[in-house]
Structure formats: C-alpha cells, structure tokens
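# What the coordinates show
Chain residues, written in single-letter form:
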Amino acid sequence: MGEDPATTAVAAAFERRTGPAAAMGEDADRIVRACQEMAERFRMGGKLLVFGNGGSVADAQHVAVEFAHPVIVGKPALPAISLTTDMALATGIALTEGLDGIFAAQLRLLASPCDIALGLSTDAGSANVRSGLAAARELGLLTVALTGGEAGAEADHVLAVRSADPLIVKEVHVTMYHVLWELVHVFYELEAAR
C-alpha cells in the first residue's frame, strides 16, 4: 500500500513553503540595508510610493496602510501612498501612456528625490513595475523591488523570494513587507532617539 494521497499533499504544501521562507532569513543583511536606507529617506521627509499588478495591487495597498496607519499603538505613522488606488488616474494614464507607463507617469508627477519607490511583482516580469522602478531611479528615489523567481527587476534593493510559484511568492512577500515595516521603524526610532 502506498502513502495516503492527502498526507502526501499536506507534506508537499508545507515543503514548498519551507525553502523560500527560510531563504528570507538568509537574506537578512540585504533586508536590513534596505530598511536602514528607507528609514533614512523617511527622516529626510520622504514618502513611500508603492505599486504592483493583479494581486500585488492589494499588497501595495496593504503596505501603504501599514506605514500610514500603524496598527501597533505608539508607532509613528510614516507617509505612504499606493499608486494603485486611483483607478481614474491609472486608467487615464493608460490611455495615453499604455499600461506599461502607469506607474512611471505617476512617479514623475508625485515623487520627490527623497522618496522611496517600492515595486511588487511575483515574477519580476511586470513591464509597468520595471518601468516604474526605472523612472524612480532616474528621479533619484530609493528603489526597492519585492520579486519572485529570478530577480529580474533593477532596483537599489532587490528582495527576491526564491520560488517560481506565485502563491508562495505572495505569502513570503507579506512576511517580507511586515519585516520591512518593523525594521524601518526600528531604525527610524533609533535615529530619532539620538
């Protein structure tokens, strides 16, 4: 008799997540450097501009609200905007710039050099996220990319989940941006206390 199919499926579900989640810990130094630089930009008066496609739209909105309205009492609110929340603006830009230009055009309009651009893509293949990050770099913003699979995005900090499964990438992204939020506040508050 073979192993029970349900037992095999359960084991596989956990095994697919173990490696990518553990690898995030291996990238701790890169994550910490990103958080230190993000905290520095916030101290300079910068804001966080977040964007992504599909399910990453919801993640971009989640990240923005975490920073702008912290659920942990006593943590300072830090300015953050999701570029995916204004559908009239996004679709209006898409009419003239095409979908690939929706984030780049918004960044050119809304961003300042002391800001942070955070692009989310489960596979690093989203042309509009890549264009947004490129525009942000041209404008002097700090750029952070949360990607999956091959780290194809160009940014100051590329934090790639080591999985090609978009569901697992999204799961690790949630943990990763919560770590970003937490450590940005650590570094922000440490500097404020000096």
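Here, every reference points to the structure presented above.
Structure report, in brief. Every value quoted in this text rests on a predicted model; they were computed, and no experiment measured them. (Residues numbered from 1 in each chain as written. Predicted model: local features only at pLDDT ≥ 70, side-chain atom pairs only at ≥ 80, totals over all residues. Heavy atoms only, no water.)

Scanning the model with the defined rule gives 2 aromatic pairs in all. Consider the rings of F42 and F67, whose centres lie 5.7 Å apart with planes at 25 degrees: the pair is stacked. With F42 in helix α2 (residues 28–43) and F67 in helix α3 (residues 55–68), the pair connects residues that are 25 residues apart, well separated along the chain. (Phe/Tyr/Trp six-rings, centres within 6.5 Å; stacked < 30°, edge-to-face > 60°. Helix = DSSP H or I, 4+ residues; strand = E, 2+ residues; numbered from the N terminus.)

Quick look at the pattern of salt bridges now. Under the criterion given, the structure shown has 9 salt bridges. Where D59 meets K170, a salt bridge forms, and the shortest distance between an N and an O atom there is 2.5 Å. In this pair, D59 sits in helix α3 while K170 sits in helix α7 (residues 166–193), placing the two residues 111 residues apart along the sequence. When its relative accessible area of 7% is taken as the criterion, D59 is described as buried. (Salt bridge = Lys/Arg side-chain N within 4 Å of Asp/Glu carboxyl O. Buried < 20%, exposed > 50% of the residue type's maximum accessible area, 1.4 Å probe, protein only.)

A few words now on the nonpolar core. Residues M38, L48, F67, L146, L159, L180 and V184 are the most contacted members of the largest nonpolar core, which totals 31 residues. If you list the elements that add at least two residues to this core, you get α2, β1 (48–52), α3, β3 (116–120), β4 (142–148), β5 (157–161) and α7. Top element by residues in this core is α7. It accounts for 8 residues. Setting aside its immediate chain neighbours within four residues, F67 contacts M38, F42, L48, P76, A77, L78, A80, L180, W181, V184 and H185. Judged by nonpolar contacts, the second largest core, of 18 residues, contains F51, I102, L107 and V158. (Core = buried A, V, L, I, M, F, W, Y, C linked by side-chain atoms within 4.5 Å. Contact = heavy atoms within 4.5 Å.)

Of all 5 residues that make up β1, 5 are buried, and the element is covered over most of its length. By the alternation rule, side chains of β1 split into L48, V50 and G52 and L49 and F51, which are all buried. Across 3 bridges, β1 lies against strand β2 (residues 80–82) in parallel orientation. Paired with L48 across the bridge in β2 is A80. Between the parallel pair β1 and β2, the chain is carried across by α3, and the sense of this crossover is right-handed. (Pairing = 2+ DSSP bridges. Right-handed = clockwise from strand over helix to strand, strands pointing away.)

Turning to the sheet that holds β4, a few remarks are in order. Strand order in the open sheet formed by 5 strands is β2-β1-β3-β4-β5, and the pairing between neighbours is parallel. Either end of the sheet is taken by a strand with one partner, and the two such strands are β2 and β5. With direction set aside, neighbouring strand axes in the sheet form an average angle of 15 degrees. (Axes fitted to C-alpha atoms, helices over the stretch in contact; angles between N-to-C directions.)

Okay, the state of the cysteines next. The final tally for this structure, using the stated rule, is 0 disulfides. Among the cysteines around C35, which has no disulfide bond, C114 carries the closest sulfur, lying 18 Å off. On the basis of relative accessibility, which here comes to 18%, the residue C114 falls in the buried class. (Disulfide = S-S within 2.5 Å.)

What follows is about the packing of helix α4 (residues 87–97) against helix α5 (residues 102–110). For the pair α4 and α5, interaxial distance at closest approach is 9 Å and the crossing angle is 110 degrees. On the basis of the axis angle, α4 is roughly perpendicular to α5. For the element pair α4 and α5, the recorded crossing hand is right-handed. Residues L89, A90, I93, A94 and E97 of α4 form the contact with α5, whose own contacting residues are I102, A105 and Q106. Counted by class, the contact of α4 with α5 contains 6 nonpolar, 1 polar and 1 charged residues. (Parallel < 35°, antiparallel > 145°, perpendicular 65-115°, else oblique. Left-handed = near helix turned anticlockwise from the far one by under 90°. Nonpolar A, V, L, I, M, F, W, Y, C, P; charged D, E, K, R; others polar.)

Since the α-helix advances by 3.6 residues per turn, residues separated by three or four positions end up pointing in the same direction. Helix length check: α3 (14 residues) gives 20 Å between terminal C-alpha atoms against 20 Å at 1.5 Å per residue, within 8%. Within α3 the residues assigned to the buried category are S56, D59, A60, V63, A64, E66 and F67. Axial view of α3: buried residues confined to an arc of 160 degrees, hence all on one face. (Expected span 1.5 Å × (residues − 1). Arc of directions from axis to C-beta.)

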